[in-house]
Amino acid sequence: IGWSNAKKFWCCTHEQVGCDYNCKDGLEAEWPALKKTWCCKNKDVGCEFNCTEGEAANWNESKATWCCVNELVGCGFNCSSGYSKWQQGWSMLKK
């Protein structure tokens, strides 16, 4: 016997447990805040970060990746490392 819809809703809302979100469904911009938070934390989808807040060295991996990919902030690339073979060795993001 599974949880009732009421129990799922309460536990998801208050404890972020038992959430049943499809993080591939719908437009992320239209998701409710709880779904965005859950999908970001659990599936690394729907994340929105303020990339001007805090020190990049202290960001968690999800925020660091999101800010680097989406805003080219906090990437922390060492441009001297591998420069002699940059065309083959650097990722597209680093290039």
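Details of the structure are given in the entry above.
Residues numbered from 1 in each chain as written. Predicted model: local features only at pLDDT ≥ 70, side-chain atom pairs only at ≥ 80, totals over all residues. Heavy atoms only, no water.

Draft legend 1. Summary view of the state of the cysteines. Evaluation of the coordinates by the stated rule reveals five disulfides. Across a sulfur-sulfur distance of 2.0 Å, cysteine 51 and cysteine 67 are joined as a disulfide pair. Taking the torsion about the S-S bond as the criterion, the cysteine 51 to cysteine 67 disulfide, at about -90°, is left-handed. Taken together, the positions of cysteine 51 in the loop between helix H2 (33-43) and helix H3 (61-71) and cysteine 67 in helix H3 put the pair 16 residues apart, joining distant regions of the chain. Across the pair, cysteine 67 and cysteine 51 agree in class, each one buried. Taken in sequence order, the bonded cysteines of the chain link in the pattern 1-2, 3-4, 5-6, 7-8, 9-10. (Disulfide = S-S within 2.5 Å. Helix = DSSP H or I, 4+ residues; strand = E, 2+ residues; numbered from the N terminus. Buried < 20%, exposed > 50% of the residue type's maximum accessible area, 1.4 Å probe, protein only.)

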